[in-house]
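Residue strings, one per chain:
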Amino acid sequence: MWSTHREVAAGDVVIIWQTRQLIQPLLITPGKDFNSRFGHYRHSDLIGIPYGSKVASRNGRGFIHILRPTPELWTMALPHRTQILYLADIAFITSWLDIRCGSRVIEAGTGSGSFSHSVARTVGPRGHLYSYEFHEARAEKAREEFVRHGMQDIVTLTHRNVCKDGFTVENMADAVFLDLPAPWEAVGHAKKALRKDRLTRICCFSPCMEQVLRAVNALNEAGFTDICMYETLLRPHEVQQLPTPLSLDNIVDKLKRLEKFREEKRLRQIANSKRKREEDSDVSGPDKRARTSEPDATRDECGANPPLTGNLPIPQKADDEVNEVAETTVNWSKVCHEVRGHTSYLTFARLVPYPAETSPNGETEDPTATSE
């Protein structure tokens, strides 16, 4: 999958990381240019640089990072042709279906190929992914991407309506994943495609509860067991390093000092106001006019009044409080306000293998086969 070389070469697919919300794939083609709000870049300038490099723009407007594609980055950067599966659902499905190196997996509903890339990496060259897509244009586009990414030996993509025509393999798959509008119509075909000599699993990806109910009924009728449904939700946390909060005693002492400072200021204002009233009452009318014409000794050279708190003591922090805040910090974690909500419900079930039984006429019968 993708290039394994250390440096970028012509024809490679790279991931252009601009911001956390702006990530896109780029096919390196000599002679072409890449333009964004972070500057102008020539493809020829990217050839030969190591993956993970920070590249400055030619016009000095910014920079980008050139990353090697991975299934996780591809999920974040791929062009959306349909609703896709994100990393939380992909990881949970891969774990529950017990997909591992060498597994043979069936995927119904290729879509944009997000799940396909993760499964292809997991099964590796020893395994195989059989992917089916009903929409012809999407199937062709996904096939081109699989070939460009070097996955043609691991993934077999078929344009087919599996709900009506079934799958092209039988008694071969270790797991089946159904991302269909009506997965209950493909449950019977999925049972035929699953292996009968070992425990196998199935998953239905449905956005509505009505679809889940119909899928569960179909799984029960087909003989699947351990049917359960999950919903995967993310709760990202923001972690910050902040000064250690003050103790309760320090907070109480600080409040007392502030309260004392306010009370002293209030009393000084009352005393100044009372003294001013007494002085005004002792001065007669002409003397008052003459006095007001004299320069005020309390004003500065520009005629402005001095600040009220010029001679007022400002409460200071205690030395131990300052040292405590400056020397110690603590890590704080809080849930992000914007959290990705519901995507779809995941309905899982297991198909238990049963030993073959012998009929009275000597023929071997498969008890898991459904009667037509």
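So, a few notes on the structure that sits alongside this text.

Cut-offs applied
- Residues numbered from 1 in each chain as written.
- Predicted model: local features only at pLDDT ≥ 70, side-chain atom pairs only at ≥ 80, totals over all residues.
- Heavy atoms only, no water.
- Helix = DSSP H or I, 4+ residues; strand = E, 2+ residues; numbered from the N terminus.
- Areas by Shrake-Rupley, 256 points an atom, 1.4 Å probe, with all protein chains shown as cover.
- Phe/Tyr/Trp six-rings, centres within 6.5 Å; stacked < 30°, edge-to-face > 60°.
- Buried < 20%, exposed > 50% of the residue type's maximum accessible area, 1.4 Å probe, protein only.
- Lys NZ or Arg CZ within 6 Å of the ring centre and 35° of its normal.
- Contact = heavy atoms within 4.5 Å.
- Patch = residues over 30% accessible without salt bridge, like charges linked within 9 Å, V, L, I, M, F, W, Y side chains within 5 Å.
- Salt bridge = Lys/Arg side-chain N within 4 Å of Asp/Glu carboxyl O.
- Polar contact = N/O pair within 3.5 Å; in protein donor to acceptor, adjacent residues only side chain to side chain.

1. Here we look at the overall build of the protein chain
Looking only at helices and strands, the protein chain has eleven helices and 17 strands in total. Counting only carbon and sulfur atoms, one obtains 51% of the accessible surface of the protein chain, whose full area is about 22500 Å².

2. Describing the packing of aromatic side chains
As enumerated under the stated definition, the model contains nine aromatic pairs in all. Ring plane angle 55° and centroid distance 6.2 Å describe the contact between Phe177 and Phe205, whose orientation is recorded as tilted. One end of the pair, Phe177, is in strand 10 (residues 175-178); the other, Phe205, is in strand 11 (residues 200-206), and 28 residues separate them in sequence. Just as Phe177 is buried, Phe205 falls in that class too. Here a set of aromatic residues connected by ring pairs shows up, and it is made of Phe92, Trp96, Tyr230 and Phe348. Between the NZ or CZ atom of Lys54 and the centre of the ring of Phe63, over which it lies, the distance is 4.0 Å. Of note, Arg201 hangs over the ring of Trp96, and the distance from its end group to the ring centre comes to 5.5 Å.

3. What about the environment of Thr347?
By the element assignment, Thr347 lies in strand 15 (residues 345-351). For the pair Thr347 and Tyr230, spaced 117 residues apart in the sequence, the C-alpha separation amounts to 6.5 Å. Residues contacting Thr347, with those up to four places away along its chain left out, are Ile202, Cys203, Cys204, Val212, Val216, Leu219, Ile227, Cys228 and Met229.

4. Some words on unusual backbone geometry
Excluding glycine, residues mostly have negative phi values, and the peptide bonds linking residues are mostly trans. For Asp98, which is not a glycine, the phi torsion comes out positive at approximately 60°. Position of Asp98 relative to the elements: it lies in the loop between helix 3 (87-96) and strand 7 (104-108). By relative accessible area, which is 25% here, Asp98 ends up partly exposed.

5. Here's the deal with a nonpolar patch on the surface
A contiguous nonpolar patch, built from Leu199, Val352 and Tyr354 and spanning about 240 Å² of accessible area, is present on the exposed surface. Within the secondary structure layout, Leu199 lies in the loop between helix 7 (187-193) and strand 11.

6. Some words on the side chain of Thr232
Looking at where Thr232 falls in the secondary structure, it is placed in the loop between strand 12 (225-231) and strand 13 (237-243). Among the polar contacts listed, one links the side chain of Thr232 to the side chain of Asp89, at a separation of 3.2 Å. Residues in contact with Thr232, not counting those within four places in the same chain, are Ala88, Asp89, Phe92 and Leu346.

7. Section: the pattern of salt bridges
A side chain with one charge may pair with a side chain of the opposite charge, provided their charged atoms come close. Using the criterion set out here, one finds 13 salt bridges in the structure. The salt bridge partner of Arg138 is Glu133, with a shortest N-O separation of 3.3 Å. Using a relative accessible area of 23% as the deciding quantity, one classes Arg138 as partly exposed. Classification of Glu133 by relative accessible area gives buried; the value is 4%. Residues participating in the shared-partner salt-bridge network are Asp174, Arg195, Asp197 and Arg198.

In short, geometric facts, not functional conclusions.
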